[in-house]
Amino acid sequence: MIVLYSIGESSNGRTSGFGPEYWGSSPYSPAVMKKIIIIGNGFDINLGLPTAYSDFLRSELYLKLLKSGNQMALFLSKQNSLDRWVDVEVGLNTYADLVCANEDNLPSFKKEYKELLSTFLNYLNSLDLNSVNAESDAYKFIFENSIANGAISDTMFFNFNYTPTVRSILTKVGWSRDEIASRHNHVHGELTSKVVFGIQDNSKTSKFHTFVKKSAAGGFAVTHLSDQLTEPYDVFIFGYSLGLTDEMYFKSPFLRLAISPRQRTKMHIYHYGEEALDDIKHRIDELTNHQLSDFQKSFEIIPKPIQA
């Protein structure tokens, strides 16, 4: 039986900075923090929400955008390889490659991007985000990893989704507003604020590419995720692919851990099927310049299969 649970709303916003200097207002300190949780879109999908790129592509809002003549949306819809949101962001880079030769295209490029982003956010806002499957692996995962011995666990959340699902479940678990504000970060922003949606920093340097770079977005903020990953903490990755467009957060710390291993901890990877696990291991291998074996001197990789 599937149980739908109303997770409610919260007014907590994004925590700008979210680094070591912000721990002073929290009852917890970096010295006792033992766990980092990284959340991706697979988390919301596991909760039963239609947040996959294919869901958006089939929506009436996207079809309306296509009918309006948005060339960026039309280009993306014709790319058969765009199965995940990270693929869409890579597709944006490819589209910028195609149109950047003529700077006269820049105004229309900006207009198309803004329309695409607005349509996507309208789609997410049209979903019933208050009802989720309380028996899902994702829902149970938050409960299991946010409470330890009857108290708030030593956990930091880095959430790459725009939705309020994690924050709302933490509220249900019993985390206070202050605890959530200091220990849960929407890396790419959230629906109630500016969001980050675009391409990686090491893309080409045309004005087109710069406009859609994540670091150029109004909602971009420093997270200190890279610094946290080099500390001897256990890491839990749920529904997140370590995608190419988020390389800025992972390349440096993963490479550093491969070159100079530290105390070995565990990296729990929650994945859908063997192919997804293979993809993540391949990404770690790429992020460490093909030093996967050395990286595993710092992290023991533990696969955690989840049900779709």
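The structure under discussion appears in the preceding block.
Residues numbered from 1 in each chain as written. Predicted model: local features only at pLDDT ≥ 70, side-chain atom pairs only at ≥ 80, totals over all residues. Heavy atoms only, no water.

1. Brief notes about the packing of aromatic side chains
- Counting across every chain of the model gives 21 aromatic pairs.
- Plain terms: the ring middles of F43 and F238 are 5.5 Å apart, the flat faces sit at 80 degrees to each other, and that makes the pair edge-to-face. On the criterion of sequence distance, the pair formed by F43 in helix α1 (residues 41–46) and F238 in strand β8 (residues 234–238) is long-range, its members being 195 residues apart. Side by side, F43 and F238 carry an identical accessibility label, which is buried.
- An angle of 50 degrees between the planes, with centres 5.0 Å apart, marks the rings of F141 and F238 as tilted. Taken together, the residues F141 in helix α7 (residues 137–146) and F238 in strand β8 connect sequence positions 97 residues apart. (Phe/Tyr/Trp six-rings, centres within 6.5 Å; stacked < 30°, edge-to-face > 60°. Helix = DSSP H or I, 4+ residues; strand = E, 2+ residues; numbered from the N terminus. Buried < 20%, exposed > 50% of the residue type's maximum accessible area, 1.4 Å probe, protein only.)

2. Considerations on the packing of α7 against helix α8 (residues 165–173)
- Where α7 contacts α8, the two axes come as close as 10 Å, and the packing angle between them is 55 degrees. With respect to α8, the axis of α7 lies oblique. For α7 against α8, the interelement crossing comes out right-handed. Counting all contacts with α7, which are made through Y139, I142, F143 and S146, the residues of α8 involved are V166, I169, L170, K172 and V173.
- Residue composition of the contact of α7 with α8, grouped by class: seven nonpolar, one polar and one charged. (Axes fitted to C-alpha atoms, helices over the stretch in contact; angles between N-to-C directions. Parallel < 35°, antiparallel > 145°, perpendicular 65-115°, else oblique. Left-handed = near helix turned anticlockwise from the far one by under 90°. Contact = heavy atoms within 4.5 Å. Nonpolar A, V, L, I, M, F, W, Y, C, P; charged D, E, K, R; others polar.)

3. Notes on the pattern of salt bridges
- Inspection of every chain in the model, using the stated rule, returns six salt bridges.
- Here K111 and E115 are joined by a salt bridge, their closest N and O atoms 2.6 Å apart. Within this pair, K111 and its partner E115 are both found in helix α6 (residues 106–126), separated by four residues, close to a single helical turn.
- Given the relative accessible area of 24%, E115 is considered partly exposed.
- In this structure, a network of salt bridges that share partners links the residues E247, R283 and E286. (Salt bridge = Lys/Arg side-chain N within 4 Å of Asp/Glu carboxyl O.)

4. With respect to the side chain of T119
- Relative to the helices and strands, T119 resides in helix α6.
- Residue T119 is classed as buried on the basis of its relative accessible area of 11%.
- If we ignore the near neighbours within four places in the chain, the residues touching T119 are F56, L61, Y62 and L65.

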